[in-house]
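Letter by letter, the chains look like this.
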Amino acid sequence: MDQLPRQDKSTQSNIHQTLASAIANNRLSLFSCSACARILRHPVTIKCGHTMCLNCLDKANMTCRTCMSSIDEEPFKINVLVQNLIEKWKERNKMEEMDSPVFRLLLRPRYKLRSRSAGLQCSVDVTKLIPKRRRKHQPFQVNLRRLCKRTPNCRKPKTRLERKRRDSNLAIKDSFHKVLQNILNDLQVTLERALRNSWNCITEEDLECLLCRRSLVDPVTTPCGHTFCRDCLTRVLDHRLTCPLCVSKLSVGDYFRATTGVLDQAIQFLFPNFSNKHVSSSQNDDVPDQNIEVPVFVCTNAFPGVACPLYVNEPRYRLLIRRCLQNPSKTFAMVSTDPCGAKFMQYGTILEVRDAVTLEDGRIILSTQGIRRFRVMSGNEKDGYDTAKIEHIRDARPKHEDVSSLESLHQKVYTRAVKWIHLLSPSALSEVERLIGRMPRVEKDWIDLPDGPSWMWWLIPILPLSSHLQMGFLSSTNLEKRLRAIDKMLEHMKIRMKAVPREESEAYAREDEIADFCSEQVNN
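A brief structural summary.

Procedures and definitions
- Residues numbered from 1 in each chain as written.
- Predicted model: local features only at pLDDT ≥ 70, side-chain atom pairs only at ≥ 80, totals over all residues.
- Heavy atoms only, no water.
- Patch = residues over 30% accessible without salt bridge, like charges linked within 9 Å, V, L, I, M, F, W, Y side chains within 5 Å.
- Areas by Shrake-Rupley, 256 points an atom, 1.4 Å probe, with all protein chains shown as cover.
- Salt bridge = Lys/Arg side-chain N within 4 Å of Asp/Glu carboxyl O.
- Helix = DSSP H or I, 4+ residues; strand = E, 2+ residues; numbered from the N terminus.
- Axes fitted to C-alpha atoms, helices over the stretch in contact; angles between N-to-C directions.
- Left-handed = near helix turned anticlockwise from the far one by under 90°.
- Contact = heavy atoms within 4.5 Å.
- Nonpolar A, V, L, I, M, F, W, Y, C, P; charged D, E, K, R; others polar.
- Pairing = 2+ DSSP bridges.
- Buried < 20%, exposed > 50% of the residue type's maximum accessible area, 1.4 Å probe, protein only.
- Polar contact = N/O pair within 3.5 Å; in protein donor to acceptor, adjacent residues only side chain to side chain.

With that out of the way, let us pick up a nonpolar patch on the surface. Where nonpolar side chains cluster on the molecular surface, the patch consists of Y311, V357 and I365 and spans about 270 Å² of accessible area. Here V357 shows up in strand β8 (residues 347-358).

Spelled out as structure tokens, the structure:
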């Protein structure tokens, strides 16, 4: 390979300065302090995810020097995993003290020359890019500052010689940039290879989670200095707010600690194909597919198009909701308990999370809304909560000759339902609207909707119906039968009723027509 030419000192000087600047500004480093950019000494990880030397912490202002976020973790604990990795690296490289900056990978000449560019080599013959001297008494010099930056008020070339010089300078500029870019690319590859070879003493086992014994995914460091996968740590905090290793006290705020940057960077750089081994693929569909197992929340009956507020306290359902919120669709299945002894009923509704609020003790308040009905095909279990393969159900399309009679029946039942709603006391109606919203308006294409008109499903949870009767409505695929059942229910209601006692609700639930309808749908 050819060396850079010595006769063009300006070009050599600019290349040397550019390469030195590229090396100095290169951010490719591992286990370096975010404040002093040196190898970490007594590393401390704060809640924002940045790791720095213990002496580099701004204890006076109690703020992170990188992101300026507040620090409230005193007394500071050493990051155990990072400290062990650095000690292993020092032992391998026989380095006891690391007072020099992290990046000492400077270009060293193979042999000594007087030129400033001693040892710098490239695969392009640069001498061919520089034209010969036009005059023996006037050496050719390239003004890189003038080539790289032209002032707006520069004079345009007028003569042929000036235009020729301009074209020649532009050609030299483009060629110079290409050569320099190739040199920098080769330098970047060399630096990455050297960095990997320097840290190849770290194995995959060194970067495993102590709880799941697999690669760290989204590593989080607790205030006591121990590191776990985020999912593993949050599952432990669901049961008890203590560190699983040293049993030191933790808080709910540790749910939201940022990712430990130095470990995440090291995993992605040293083992790019190792960090995503056990990450589950997220679903992009708005509604879960019937061939995929969906998480099942066993609680109560939910209905399509109707809001369903939830209060989540059990650890298994906290895990379910967190995974649901990480999914782009933000959906899960809601079913009620089975009084006959099975785990849950065979019909339910897919819910979509609209809003979620996490309380200080880890409990979650959800605002959800029903999307589609489904039938359970088979059940399973995952990490403590139930899952199921489902099949979406929809109403049967009415015959053409029955459409007019169905529209008349719909108008009749809707009018009766609106009158009954107006008979409710203002306090009762206000409470209903606070929980599940106002009564929806009739859609224009309600006959073609898979679940029929939304107002009907809004009315079912406030009617005095038992869980078994509600299940009959969920499992029904005949819109006409559902309308007739609601009509009979409203007909048996007292006209001036303000509040229905529980005993009276059960009496209405035993009406022959409604009970026969629901039992018929459940048996089918």
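With that settled, the discussion passes to the packing of helix α5 (residues 230-239) against helix α7 (residues 315-326). The contact between α5 and α7 brings their axes to 9 Å, and the two run at 145°. Crossing of α5 over α7 shows right-handed handedness. Facing D231, T234, R235, L237, D238 and H239 of α5, the residues of α7 in contact are P315, R318, L319, R322 and R323. Its residues placed into classes, the contact of α5 with α7 shows three nonpolar, two polar and six charged.

A word on the pairing of strand β10 (residues 385-392). Two elements, strand β5 (residues 294-299) and β10, share three bridges in a ladder whose sense is antiparallel. Residue pairing across strands places V294 opposite A388, the latter belonging to β10. By the bridge criterion, eight bridges tie strand β9 (residues 364-382) to β10 in an arrangement that is antiparallel. Counted as the bridge partner of R375 is E391 from β10. Counting the residues between successive antiparallel strands, the hairpin from β9 to β10 contains two residues, one of them, D383, with a positive phi of roughly 50°.

Attention now moves to unusual backbone geometry. Positive phi, close to 60°, is recorded for A37, a residue that is not glycine. A37 sits in the partly exposed class, given a relative accessible area of 45%. With phi around 55°, H42 is a residue other than glycine that occupies positive phi space. With respect to the secondary-structure elements, H42 resides in the loop between α1 (9-24) and β1 (43-45).

What follows covers the side chain of T234. Here T234 is to be found in helix α5. Assessed through its relative accessible area of 6%, T234 is described here as buried. Within the structure, T234 has its side chain in polar contact with the backbone oxygen of D231 (distance 2.9 Å). A polar contact is formed between the side chain of T234 and the side chain of R322, at a distance of 3.4 Å. Apart from the residues lying within four places of it in its own chain, the contact partners of T234 are Y255 and R322.

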